[in-house]
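# A look at the structure
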Amino acid sequence: MSIARRRVAILISGRGSNMASLIEAARDPTYPAAITLVLSNRPDAAGLARAAEAGIATQVVDHTTFLDRVAFDAAIGRSLGDHAIDLVCLAGFMRIFTDAFVTGWQGRMLNIHPSLLPAFKGLHPHAQALAAGVRIHGCTVHYVVPELDSGPIVAQAAVPVMAGDDEAALAGRVLAEEHRLYPLGLRLVAEGAARLEAGRTVLTSGARTALGLGV
Ligand code: GAR
């Protein structure tokens, strides 16, 4: 007997390439999550058309039409509730939620950030990495907590910084890893192989193997 797949909403603000990688992974009927909603705060997000083409329900909750963050978050919350969403994946979603909203989704909301956290939080992480002169850069899938880019880490992937890299070259190398890592991270959370316990991510030995960490 198969276990019910977790119902996932992906929140985007732009091109949606990470969204597309999650949708692609979830086409496999053995994947433990089903993408049931793609929600954007921007009506012009290119990812909306990609999601619709894949036959997924899309919705725009335009932040500019709300009086404040509380009202915007409430509208997002209603939409997630209407679609009986179990897990939320932020994928290039460039709005910051209120602490109360994030706390309500604790352990059930993931984000991908294009750096090896806790290095290079916030905007322009690739420029930050180049300015710092690091040799290794990468991406992180983490649980969302109220503090920006600071939640317990689920999965990370590293890439080398090459001589002559500019921001675009480095971003492209990281993005290829993001597209592999986010579906893996979501899978581990959806199947319960990664879970949040007392503010830390606990991995099963199977999850450690899947992440290439040894047992
Ligand atoms: C991705 O690189 C993602 O990691 C980053 O925005 C890009 C969105 O691309 N997210 C953040 O910087 C969040 N702090 P996509 O729309 O093609 O997935």
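Structural notes, computed from the coordinates. (Residues numbered from 1 in each chain as written. Predicted model: local features only at pLDDT ≥ 70, side-chain atom pairs only at ≥ 80, totals over all residues. Heavy atoms only, no water.)

### Here we look at the packing of helix H1 (residues 17-25) against helix H6 (residues 167-190)
In plain terms, the rule: Axis definition: a line fitted to C-alpha atoms, over the contacting stretch in the case of helices. Angles run 0 to 180 degrees between N-to-C directions. Helix and strand assignments follow DSSP, with helices taken as H or I runs no shorter than four residues and strands as E runs no shorter than two, numbered in order from the N terminus. These descriptions rest on fixed angle ranges, namely under 35 degrees for roughly parallel, over 145 for roughly antiparallel, 65 to 115 for roughly perpendicular, and the rest for oblique. By definition, turning the near helix anticlockwise from the far helix through less than a right angle yields a left-handed crossing, and turning it clockwise yields a right-handed one. Any two residues whose heavy atoms approach within 4.5 Å at even a single point are treated as in contact. Each residue is assigned to one class: nonpolar for Ala, Val, Leu, Ile, Met, Phe, Trp, Tyr, Cys and Pro, charged for Asp, Glu, Lys and Arg, and polar for all the others, Gly among them.
Orientation of H1 relative to H6, taken along the N-to-C sense of each, is 45°, at an axis distance of 9 Å. Taken as axis vectors, H1 and H6 run oblique relative to one another. The hand of the H1/H6 crossing is right-handed. Taking contact as the criterion, the partners of Ser17, Asn18, Ser21, Leu22 and Ala25 in H1 are, on H6, Leu175, Glu178, His179, Tyr182, Pro183 and Leu186. A class-by-class count of the residues in the contact of H1 with H6 yields 6 nonpolar, 4 polar and 1 charged.

### A closer look at the pattern of salt bridges
Quick reminder of the rule: Salt bridge, as used here: a side-chain nitrogen of Lys or Arg that lies within 4 Å of a carboxyl oxygen of Asp or Glu. Only protein chains enter the accessibility calculation, which uses a 1.4 Å probe. A residue is then buried if its area is under 20% of the maximum for its type, exposed if over 50%, and partly exposed in between.
Evaluation of the coordinates by the stated rule reveals 7 salt bridges. Where Asp44 meets Arg42, a salt bridge forms, and the shortest distance between an N and an O atom there is 2.9 Å. Taking the relative accessible area as the measure of exposure, Asp44 reaches 53% and is therefore exposed. The salt bridge involving Arg180 is made with Glu177; its shortest N-O contact spans 2.8 Å. Taken together, the residues Arg180 and Glu177, both in helix H6 and 3 residues apart, mark about one turn of the helix. Classification of Arg180 as partly exposed rests on a relative accessible area of 45%.

### Topic: the site of the ligand
For the record, the criterion: Any residue with at least one heavy atom within 4 Å of a molecule or strand is counted as near it. Here a polar contact is recorded for every N or O atom pair within 3.5 Å, except that within protein the pair must consist of a potential hydrogen donor and a potential acceptor, and residues adjacent in sequence are included only if both atoms are side-chain atoms. Residue burial considers only the protein chains on display, and all accessible areas are found by Shrake-Rupley using a 1.4 Å probe.
Neighbouring residues of the ligand: Arg15, Gly16, Ser17, Asn18, Gly92, Ile112, His113, Pro114, Leu175 and Glu178. Here Ser17 contributes a side-chain N or O atom positioned 2.5 Å from an oxygen atom of the ligand. Within the side chain of Glu178, an N or O atom sits 2.6 Å from an oxygen atom of the ligand. Protein chains shield 86% of the accessible area of the ligand, which is 440 Å² for the free molecule. Contributions of two or more residues to the shell around the ligand are made by H1, strand E5 (109-113) and H6. Considering only residue class, the shell around the ligand consists of 3 nonpolar, 5 polar and 2 charged.

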